[in-house]
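Per-entry structural report
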Amino acid sequence: MAGVLAGEAGLRTLILESRPKAGRKLLMCGNNRCNLTSALTASEMLADYGDPVSPFLEPALSAFPPKALRDWFQKNGLQTKVQHDGRVYPQSEKAADVHHFFTDHLAQYGVSLMLNSFARDIYSNKQGGLTVKTDNMNLTAPCVLIATGGVSYPKTGSVGDGQKMALALGHKITPYRPGLAGFDMPPAWINANPMQSIPDVTLKIIVNGNPFATTHGFLEIERYGIGGPAVTNASRIIARHNLKNYSFEADVNGQCWKLNPVKVRPLKEAMVTVGGVALGDVNPQTMESKKVPGLYFAGEVLDVDGPSGGYNLQAAFSTARLAVETIDKKCQTPRKSVQKKPAAKKRPQKGRPFHAKRHNQNRKRP
Ligand SMILES: Cc1cc2nc3c(=O)[nH]c(=O)nc-3n(C[C@H](O)[C@H](O)[C@H](O)COP(=O)(O)OP(=O)(O)OC[C@H]3O[C@@H](n4cnc5c(N)ncnc54)[C@H](O)[C@@H]3O)c2cc1C
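This report concerns the structure included in the present document. (Residues numbered from 1 in each chain as written. Predicted model: local features only at pLDDT ≥ 70, side-chain atom pairs only at ≥ 80, totals over all residues. Heavy atoms only, no water.)

**Looking at the site of the ligand**
For the ligand, the set of nearby residues contains 27 residues, the closest of which are Glu17, Gly30, Asp161, Glu300 and Leu313. A distance of 2.9 Å is found between a nitrogen atom of the ligand and a backbone nitrogen or oxygen belonging to Asn35. Here Ala119 contributes a backbone N or O atom positioned 2.9 Å from a nitrogen atom of the ligand. Out of a free accessible area of 1000 Å², the ligand has 89% covered by protein chains. For the shell around the ligand, the secondary-structure elements that each account for two or more residues are helix 2 (24-32) and helix 10 (311-330). Here the shell around the ligand gets four residues from one element, more than from any other, and that element is helix 2. Of the residues assigned to the shell around the ligand, the class counts are 10 nonpolar, 12 polar and five charged. (Near = heavy atom within 4 Å. Polar contact = N/O pair within 3.5 Å; in protein donor to acceptor, adjacent residues only side chain to side chain. Areas by Shrake-Rupley, 256 points an atom, 1.4 Å probe, with all protein chains shown as cover. Helix = DSSP H or I, 4+ residues; strand = E, 2+ residues; numbered from the N terminus. Nonpolar A, V, L, I, M, F, W, Y, C, P; charged D, E, K, R; others polar.)

**Observations regarding the nonpolar core**
One broad trend across soluble globular proteins is that nonpolar side chains are buried collectively. Counting residues in each nonpolar core, the largest one holds 61 residues, and the members touching the most others are Met1, Phe73, Phe102 and Leu302. Of the residues forming this core, the biggest block, nine residues, is contributed by helix 10. Listed in part, the 24 residues of the second largest apolar core include Ile237, Phe248, Ala250 and Trp257. (Core = buried A, V, L, I, M, F, W, Y, C linked by side-chain atoms within 4.5 Å. Buried < 20%, exposed > 50% of the residue type's maximum accessible area, 1.4 Å probe, protein only.)

**Section: the packing of helix 3 (residues 42-49) against helix 4 (residues 53-63)**
Direction vectors running N to C along helix 3 and helix 4 enclose 155 degrees, while the axes themselves pass 8 Å from each other. Between helix 3 and helix 4, the angle falls in the class roughly antiparallel. Note on packing geometry: the crossing formed by helix 3 with helix 4 is right-handed. Across from Ala42, Met45, Leu46 and Tyr49 in helix 3, the residues of helix 4 making contact are Val53, Ser54, Leu57, Glu58 and Leu61. (Axes fitted to C-alpha atoms, helices over the stretch in contact; angles between N-to-C directions. Parallel < 35°, antiparallel > 145°, perpendicular 65-115°, else oblique. Left-handed = near helix turned anticlockwise from the far one by under 90°. Contact = heavy atoms within 4.5 Å.)

Below you can see the structure in the form of structure tokens.
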């Protein structure tokens, strides 16, 4: 998103991507359907992120709210649709289409995407800019945006490199905890409860015998225990409030299930990382570091996470937008004249004369 917006603004931009393919986590989103955002308003979404995320995200989400995000996708050729529960997906319900949307737009704006390229280190240089060290070269730029993700699903490339580089530059990193994760249940409970997906469950988090918070949605009985949005949203609340001795009470079709989970699933399996670059070290109005001028952050590398339902991509998109807007206004980067190239043409169907029509149209008469 940051790359496309930078291309739109005519900023000379290079994206370094450590993996052989960019956007691998995006492709997994929403069971490969990609829950892009929500039909809620910015303020309704903000209320659901909770402290300390809501106040930090307020400027970014107000500047690029869910409706504006959907309009932007629509204007640029990706239709979206709202599901009955308010979750927003691409019309095709294919994450691959969102992935193509972004890579196609990078190509159309001429934004370079350098694959297999690890950013290893970032430091302020003598010329007043920043230098990014990769394995093969050092790159200098007046502005650098770190958008390296959290630490969950490390196979997708998000391994905490951005946080390490931020730490080396004097930023605090809040400890990592699993957000949007399931819970292991005792073997006897698993044996007694077959795997199934139960809709409309209200789940209470019980601490010291009292209800602490309530979540709602699907409860999935998995091979290891319990998951599904009602449960994974609870994991996020538990992580944010550092709750230790908790249990659950689930209202399942009018029956009260008392659930005593053994433990939360590991961080690498969580859908989002709670923790990351401390919000106090980043200006929420600009996404610029308070420690290193010219350095920006967006997405899950920050100590930002939201519930299930498009909150995490919306947060990533809105923070990317705010960072790029600030870079556009503040940094004196060399400009390119913006000439969006036409989208690549589809291959002609078999049997049709290739380009015959276009040749005829373009042929000048003597
Ligand atoms: C299974 C799953 C399903 C999900 N479904 C949804 C959903 O439907 N809706 C939703 O809102 N959220 C969903 N999320 C969460 C969402 O995917 C993330 O919050 C979001 O992708 C974060 O975006 P990001 O750009 O900050 O980081 P990422 O998407 O993790 O991207 C970071 C990129 O940085 C690259 N990188 C890392 N280190 C370096 C380095 N040193 N040098 C160069 N490149 C580097 C990585 O390879 C990666 O490509 C889901 C997450 C998972 C795991």
